[in-house]
Amino acid sequence: MTPDLMDAGAQRLQKARGVTATGLTESGGRSAGYGRVHAPGEVDTTHGRILYLEDVHVSFDGFKAINGLSLDIAPGELRCVIGPNGAGKTTMMDIITGKTRPDKGHVFFGSTIDLLRYREAEIAALGIGRKFQKPTVFEQLSVFENLELALATDKRVRHSMVFSLTGEEKDRLGEVLQTIHLLDSAARLAGNLSHGQKQWLEIGMLLMQDPKLLLLDEPVAGMTDEETERTAQLFLSLKGKHSLMVVEHDMSFIRTISEKVTVLCDGSVLAEGTLDEVQADERVIEVYLGR
Ligand SMILES: Nc1ncnc2c1ncn2[C@@H]1O[C@H](COP(=O)(O)OP(=O)(O)OP(=O)(O)O)[C@@H](O)[C@H]1O
């Protein structure tokens, strides 16, 4: 985030409000976001960030798993996060999704939503979807039913367990089936899908909620080369419409999908840049890629 972009955002805000923006910190800062003009439920990305972590710390029994972690992600960006085992990648996702509370630091969704004030389910409802490494689809249900069930956060289902899809929801389901390459498998039992197809189905279940930010933990682990390639194409097709944070160890997959790569080590950012840049970084070679 450059000061220029922040200034431009502040100027747009002033214009929208017809008043002079006050209370901006020197750098624009998070506090600049409070009170910004935006519709309820909308994530304010005026400052060019959909996710913003600043100086986040988490210790487990005195061990600093996250140690001064700061990073931000732009709307529509596909960010890859790599790093050695134990670097803190999963813990970072746990913090963003409200599963783990940091001891210190700031975690914002857009400029105005302080994620540390929300519980896990509320964060999901705000538009942050998370895919864990192991697929967790309902094996006894069809692909279609799994996607249908993904709408089940809807009150109609919670209260009655019976609901019928609206025309709009049916369209959405069809779109998602197409996106995840399972249109021809809609009637198949999820339990009969390949590992890769189960992963895509689970991503489809997240997409049914139309998340603004998707966090994906080792999405291609255990996939065949062909499935990995298809997953790369899937992620590239999601980029722009959604923001994605992908944690992966598979470097050829990262090469196919990445623009900007963040390298985590010992709970903070060691390096950031294109894959070529971070691969050429001596510190990254030392701790992760090897010589
Ligand atoms: N609940 C916990 N209690 C104690 N230690 C934990 C806990 N969660 C994570 N850790 C420790 O914090 C460090 C960071 O773990 P984390 O799982 O976030 O790393 P990672 O980068 O995701 O690693 P990997 O690539 O192996 O998945 C590790 O040393 C781990 O053992």
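Residues numbered from 1 in each chain as written. Predicted model: local features only at pLDDT ≥ 70, side-chain atom pairs only at ≥ 80, totals over all residues.

Asker: Could you give me a rundown of the sheet that holds strand 1 (residues 51-60), with the residues and numbers involved?
Answerer: Spatially, 4 strands are ordered 2-1-4-5 in an open sheet, and the strand pairing comes out antiparallel. Looking at strand neighbours, the two that pair on one side only are strand 2 (63-73) and strand 5 (113-114), the edges of this open sheet. Bridge count for strand 4 (residues 104-109) against strand 5 is 2 bridges, and the pairing is antiparallel. Each bridged residue has a counterpart across the sheet, and for phenylalanine 109 the counterpart in strand 5 is isoleucine 113. (Pairing = 2+ DSSP bridges. Helix = DSSP H or I, 4+ residues; strand = E, 2+ residues; numbered from the N terminus.)

Asker: Lay out the pairing of strand 10 (residues 268-273) in plain terms, naming residues and giving numbers.
Answerer: For strand 9 (residues 260-265) and strand 10, the ladder comprises 5 bridges, and the chain directions are antiparallel. The residue bridging valine 263 from the neighbouring strand is alanine 271, located in strand 10. Taking the residues between adjacent antiparallel strands as the criterion, strand 9 and strand 10 are bridged by 2 residues, where aspartate 266 takes a positive phi near 50°.

Asker: Got a sec to walk through the site of the ligand? Specific residues and values, please.
Answerer: Surveying the vicinity of the ligand reveals the residues Phe60, Phe63, Ala65, Gly83, Asn85, Gly86, Ala87, Gly88, Lys89, Thr90 and Thr91. At 3 residues, helix 2 (residues 89-96) tops the list of elements feeding residues into the shell around the ligand. When grouped by side-chain class, the residues that make up the shell around the ligand number 4 nonpolar, 6 polar and 1 charged. (Near = placed C-beta within 6 Å. Nonpolar A, V, L, I, M, F, W, Y, C, P; charged D, E, K, R; others polar.)

Asker: Can you break down the environment of valine 43 residue by residue, with the values?
Answerer: With respect to the helices, strands and loops of the structure, valine 43 is situated in the loop between helix 1 (3-17) and strand 1. Taking the number of C-beta atoms within 10 Å as the measure of exposure, valine 43 has 21 and is therefore buried. Measuring from C-alpha to C-alpha, the distance between valine 43 and methionine 92 comes to 20 Å, with 49 residues separating the pair along the chain. Beyond its immediate stretch of four places on either side in the chain, valine 43 contacts Ile50, Phe109, Gly110, Ile113, Gly127 and Lys212. (Buried ≥ 20, exposed ≤ 12 C-beta atoms within 10 Å, placed from the backbone. Contact = placed C-beta atoms within 7 Å.)

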